[in-house]
Amino acid sequence: MSSWKSLLLRIGDNCPDYGTSSDFKEHIETCFGVIRRELEHSSNDILSFLLQCAEQLPHKIPLYGTLVGLLNLENEDFVKQMVETTQANFQDALDFGNCDMIRILMRFLTVMMCSKVLQPSSLVVVFETLLSSAATTLDEEKGNPSWQARGDFYVSCILSCLPWGGSELVEQVPEEIESVMVGIEAYLSIRRHNSDTGLSFFEDDDESGRGVVEKDFLEDLWGRIQVLSSNGWKVDSVPRPHLSFEAQLVAGKSHEFGPINTPEQPEPLSEVSGVLYGKQKHDAELKYPQRIRRLNIFPASKIEDMQPIDRFIVEEYLLDVLLFLNGCRKECASFMVGLPVPFRYDYLMAETIFSQLLLLPLPPFKPIYYTLVIMDLCKALPGAFPGVVAGAVRALFEKIADLDTECQTRLILWFSHHLSNFQFIWPWEEWAFVLDLPKWAPQRVFVQEVLEREVRLSYWDKVKQSIENAPALEELLPPKGSPNFIYSIEDGREKTEQHALSAELNNKVKGRQTAREIISWVEESVFPNHGWDVALKVVVHTLLDIGSKSFTHLITVLERYGQVFARICPDHDKQVMLIAEVSSYWKNNAQMTAIAIDRMMGYRLISNLAIVRWVFSPANIEQFHTSDRPWEVLRNAISKTYNRISDLRNEISSLKKSVVSAEEAATKAKTELDAAESKLSLVDGEPVLGDNPARLKRLKANAEKAKEEEVSVHESLEAKEALLARALDENEALFLSLYKNFSNVLMERLPDPSRARTLRELKSIQADEMTVDLDESSVMEVDNESGRPNKSQSNGGKESNIYNVGEKEQWCLSTLGYVKAFARQYASEIWAHIEKLDADVFTENVHPLFKKAVYSGLSRPINDVSSG
């Protein structure tokens, strides 16, 4: 990398490029000196790279803005071009709805205004343009209130600029900025409060009766800006290097910022329809998502003491680093620990990362990314961050019963993976008390599932060794994972006819017989003499046993002999029994159960509907609140179905582009041929219609080939569109089956709506009975040998109450949690079929708590007029 690029990239960092200096003023002067010399022969490269740095290292924007201000004194034309390029990029970002680019370029514009590069009035015009668009969106006649997410985003962008330039704006254009603030206040007064309980980290009924409405993100940001304004716009967390060069910068020419246009307003709602409003609201929130939902893990006494606006700014810095350095984990960790702020922020950093890891409906990046970032931060700050992370885990563990179901699953997957990178070291003795809790208590289930996932990442004996400080927890370890092969003769079982059939099938596979030959043997020898049930058991157990040595062995067996399964299990009923046998064979290994079923669905040997029916079979229903095993299989099935549809949509999008290209090529070839055929040429001195015969022949061949290509691409497109239509029909059937099953099992177990209108009431049904039981036992019984209380256990020196939610109620809570989780994750697909689901499932007769869970996941008002 050339030296000027390195200086631009590393400005503000402690690095060799700037020697031992860490002073921003010296960095800017050094970088400016080099860039000024390079401008003559590298101006285009410098402009492009400088903008790229500002866009992708936004926590350094004040430094880049000051640098641009100094360059403005030397070369006005260069900076004018930079302003124009920024304007073009900003307009593109608005047109395409690139939220991150809109937000960051507005910050850059604000900082350039502070450095006298941009006229303050130009920045105010940008604010007014966005504010006007936001206000129009809420107008039912001119706009579309269901798209409030876009208006909220625009207003949040304006507010988030003010910590970087509010002081200068108030000083230079006080009336104009006051007008903007009044406009924002007016917008806030007419917008809908954004509750979004379906996206909360913790289950929190809006009917809980506390009467306290928490501020949504925009209201909260407005409050922080109000405090900042009353404090004279003083911010500790925003560097203001331009003040060191103020005497020089004031001589620079301030440039105009060209006009910008916001996208067209969405079409007004054609009718008052809850479904139409809900669909469009969902689309708007997908395009303009809320960037962060604060996860308050730590008590106020632990969180670093900082001004309200400083918390917002540090969160912005951290989120920007996570966003732009997601491909460079070491750099990411380095920048996260070196933000340009004069105070510590370890606890806030942990909360911000966990808020992204657990963000609903989906984190911005795959969870593995956050695992790696946390791991690297623990290594970068070995004396501080591991303790902060451990504190976060303990705090979340305390609240696990109230944590959203999807968040619980992600936390389990993250924590087990995290421990695997740190030799599985954890003070398990702190959590040994979970053994005294009922098997359905969320804390006990959490420990059990973490241990199960650890075994997947290591091996059973290693994990057992890691809990040696709490050996009793071995009770929660999964079985050792060996197959349950019912035709094994190694353990001295009596050999039966089925053993002989299994051995015969094993020999046929070893003899490389084809699937067709094995199907013939099953149909001619096994079916007639032993029946279908025996044939199924023999085939499933024997073939799975042959494929049990490794994942590769399993794939090989399914590829070679998958048609055997397909032949003996052609319909849903038989496929359900097939899945049951797979589960029986791998009953000691949840991971292999999930993998085998997932692969069989991938090879279309079993359908997603059969998987749903198996998950809702009595044996699995009883595990809904105590094990992730059935849920993992269900998650995989729905995910695979969704991925098939996504792949088809991508292929169709690509084919549509190919169709356009093929049509253009065919038209061009036909035009060339027609021109050649109509051309007069001389042959033996006589005028003849048509070009040179050889050229005509070539053009004709080209035209025919282009036409064939066009027809071929059209046919491919039609075929893919037919597959997509079929896949969407299957998807509708899947969600109908899923939610009908959910509704049926919940109706059987949920108490009467009059007794449980909210989750809080559902949890408290058993509480009074439990309290009476505790009152009757005036002295807690203690197991004298172990010294462990029978009904409770000290937890880190604090007495931990027994879990006072009954098993039936916990089953309902867990199942309702998954109802909401699936609705939230696949909301786009469910909204596409909502009319059918409303008519067939979400009717007046379903339990209100079930309907509320679905609607919450869809961010759909429970009093939706179209909801039956």
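Data block above holds the structure.
The shown structure was predicted, so the numbers you read here are calculated from the model rather than taken from an experiment. (Residues numbered from 1 in each chain as written. Predicted model: local features only at pLDDT ≥ 70, side-chain atom pairs only at ≥ 80, totals over all residues. Heavy atoms only, no water.)

Caption draft 1: Quick look at the overall build of the protein. The number of helices and strands found in the protein is 35 helices and six strands. Considering only C-alpha atoms, the protein reaches an extent of 110 × 95 × 60 Å along its principal axes. Expressed as a percentage of the 868 residues in the protein, the buried residues total 53%. Here the contacts in the protein between residues at least 6 apart in sequence split such that 76% fall between residues at least 24 apart. (Helix = DSSP H or I, 4+ residues; strand = E, 2+ residues; numbered from the N terminus. Buried < 20%, exposed > 50% of the residue type's maximum accessible area, 1.4 Å probe, protein only. Contact = heavy atoms within 4.5 Å.)

Caption draft 2: Fine view of the pattern of salt bridges. With the rule as written, the count across this model stands at 57 salt bridges. We note a salt bridge from Asp-376 to Arg-329, for which the minimum N-O separation is 2.9 Å. Residue Asp-376 is located in helix α15 (residues 367-380), and its partner Arg-329 is located in helix α13 (residues 329-337); the two are separated by 47 residues in the primary sequence. Salt-bridge contacts for Asp-571 lead to Lys-574; the nearest nitrogen and oxygen are separated by 3.8 Å. Residue Asp-571 is classed as partly exposed on the basis of its relative accessible area, which comes to 31%. Accessibility expressed as a relative area gives 26% for Lys-574, which makes it partly exposed. Three or more residues are tied together by salt bridges with common partners; here these are Asp-100, Arg-103, Arg-107, Arg-291, Glu-316 and Asp-320. (Salt bridge = Lys/Arg side-chain N within 4 Å of Asp/Glu carboxyl O.)

Caption draft 3: Structural context of helix α25 (residues 590-602). Taking 1.5 Å as the rise per residue, α25 with 13 residues should run 18 Å; its terminal C-alpha atoms sit 18 Å apart, in good agreement. Looking only at α25, the buried set comprises Ala-590, Met-592, Thr-593, Ala-594, Ala-596, Ile-597, Asp-598, Met-600 and Met-601. Among the structural elements, α18 (442-457), α23 (551-568), α24 (572-585), α26 (608-615) and α28 (629-677) are those in contact with the buried residues of α25. A side-chain oxygen of the first residue of α25 lies 3.1 Å from the backbone nitrogen of Gln-591; this N-cap is Asn-589. Of the residues trailing α25, Arg-604 is marked for its positive phi of about 60 degrees. (Expected span 1.5 Å × (residues − 1). Polar contact = N/O pair within 3.5 Å; in protein donor to acceptor, adjacent residues only side chain to side chain.)

Caption draft 4: Structural context of the packing of aromatic side chains. One pass over the full model with this rule turns up 38 aromatic pairs. On the numbers, 5.8 Å between centres and 10 degrees between planes, the contact of Phe-624 with Trp-811 is stacked. Of this pair, Phe-624 sits in the loop between α27 (618-621) and α28 while Trp-811 sits in helix α32 (residues 807-825), and the two are 187 residues apart along the sequence. For Trp-811, a relative accessible area of 4% puts it in the buried group. Between Tyr-739 and Phe-850 the ring centres are 6.4 Å apart and the planes differ by 45 degrees, which places this aromatic pair in the tilted class. With Tyr-739 in helix α29 (residues 693-749) and Phe-850 in helix α35 (residues 848-857), this residue pair connects regions lying 111 residues apart in the sequence. (Phe/Tyr/Trp six-rings, centres within 6.5 Å; stacked < 30°, edge-to-face > 60°.)

Caption draft 5: View of unusual backbone geometry. A cis amide bond links Leu-360 to the next residue, Pro-361, at an omega of 5 degrees. Within the element layout of this structure, Pro-361 appears in the loop between α14 (346-357) and α15. The backbone of Trp-233 shows a phi angle near 60 degrees, a positive value even though the residue is not glycine. Structurally, the position occupied by Trp-233 is in the loop between α9 (217-230) and α10 (246-249). Here Trp-233 falls in the buried class, since its relative accessible area comes to 14%. Its identity as a non-glycine residue notwithstanding, Phe-424 has a phi of 60 degrees, on the positive side. On the basis of relative accessibility, which here comes to 5%, the residue Phe-424 falls in the buried class.

Caption draft 6: Local environment of the packing of helix α5 (residues 99-114) against helix α7 (residues 148-172). As a packed pair, α5 and α7 sit with axes 9 Å apart at the nearest point and diverge in direction by 20 degrees. Taken together, the axis directions place α5 and α7 in an arrangement best described as roughly parallel. Crossing handedness for the pair α5 and α7: right-handed. The residues of α7 that touch α5, namely those facing Cys-99, Ile-102, Arg-103, Met-106, Arg-107, Thr-110, Val-111, Met-113 and Cys-114, are Phe-153, Cys-157, Ile-158, Ser-160, Cys-161, Trp-164, Gly-165, Glu-168 and Leu-169. Looking at side-chain class alone, the contact of α5 with α7 contains twelve nonpolar, three polar and three charged residues. (Axes fitted to C-alpha atoms, helices over the stretch in contact; angles between N-to-C directions. Parallel < 35°, antiparallel > 145°, perpendicular 65-115°, else oblique. Left-handed = near helix turned anticlockwise from the far one by under 90°. Nonpolar A, V, L, I, M, F, W, Y, C, P; charged D, E, K, R; others polar.)

Caption draft 7: Representation of the environment of Ile-102. Tracing the chain through its elements places Ile-102 in helix α5. The class for Ile-102 is buried, based on a relative accessible area of 0%. As for Ile-102 and Tyr-154, which are separated by 52 residues in sequence, their C-alpha atoms are 8.9 Å apart. Excluding its chain neighbours within four sequence positions, the residues that come into contact with Ile-102 are Phe-90, Ala-93, Leu-94, Phe-153 and Cys-157.

Caption draft 8: Layout of the environment of Val-538. With respect to the element layout, Val-538 can be found in helix α22 (residues 532-546). Considering only alpha carbons, one finds Val-538 and Glu-74, 464 residues apart in sequence, at a separation of 84 Å.

Caption draft 9: Seen up close, the nonpolar core. Counting residues in hydrophobic clusters, the biggest one holds 264 residues, and the most contacted among them are Phe-354, Trp-428 and Tyr-739. Setting aside its immediate chain neighbours within four residues, Trp-428 contacts Phe-415, Leu-419, Val-447, Val-450, Leu-451, Glu-454, Ser-466, Ile-467, Ala-470 and Leu-473. In this structure, Leu-648, Val-659, Val-713 and Ala-727 belong to the second largest nonpolar core, which totals ten residues. (Core = buried A, V, L, I, M, F, W, Y, C linked by side-chain atoms within 4.5 Å.)

Caption draft 10: Structural context of the environment of Tyr-64. Considering the arrangement of structural elements, one finds Tyr-64 in helix α3 (residues 61-74). Distance from Tyr-64 to Met-112, taken between C-alpha atoms, is 8.7 Å for residues 48 residues apart in sequence.

Caption draft 11: Here's a closer look at the side chain of Glu-454. Positionally, Glu-454 belongs in helix α18. Although Glu-454 is buried, it forms no salt bridge, and the closest oppositely charged side chain is Lys-462 at an N-O distance of 9.8 Å. Leave out the neighbours within four places in its chain, and Glu-454 touches Ser-416, Leu-419, Phe-424, Trp-428, Val-463 and Ser-466. (Lys, Arg positive; Asp, Glu negative; His and termini not counted.)

Caption draft 12: Region of interest: the packing of α3 against α5. Where α3 contacts α5, the two axes come as close as 8 Å, and the packing angle between them is 45 degrees. The angle between α3 and α5 falls in the class oblique. Crossing of α3 over α5 shows right-handed handedness. Mapping the contact onto sequence places Ile-61, Pro-62, Tyr-64, Gly-65 and Val-68 in α3 and Ile-104, Arg-107, Phe-108, Val-111 and Met-112 in α5. A per-class count over the contact of α3 with α5 returns eight nonpolar, one polar and one charged.

Caption draft 13: Quick peek at the state of the cysteines. Inspection of every chain in the model, using the stated rule, returns zero disulfides. Of the cysteine sulfurs around Cys-53, a residue in no disulfide, the closest is that of Cys-31, at 8.8 Å. Between Cys-328, a cysteine without a disulfide, and Cys-332, which holds the nearest cysteine sulfur, the sulfur-to-sulfur distance is 8.5 Å. You can call Cys-328 partly exposed: its relative accessible area is 36%. (Disulfide = S-S within 2.5 Å.)

Caption draft 14: Here's a closer look at α23. Its 18 residues place the ends of α23 24 Å apart at the C-alpha level, agreeing with the 26 Å of an ideal helix rising 1.5 Å per residue. At Tyr-561, α23 shows its strongest bend, of approximately 65 degrees. (Bend = angle between axes of the 7 residues up to and from the residue.)

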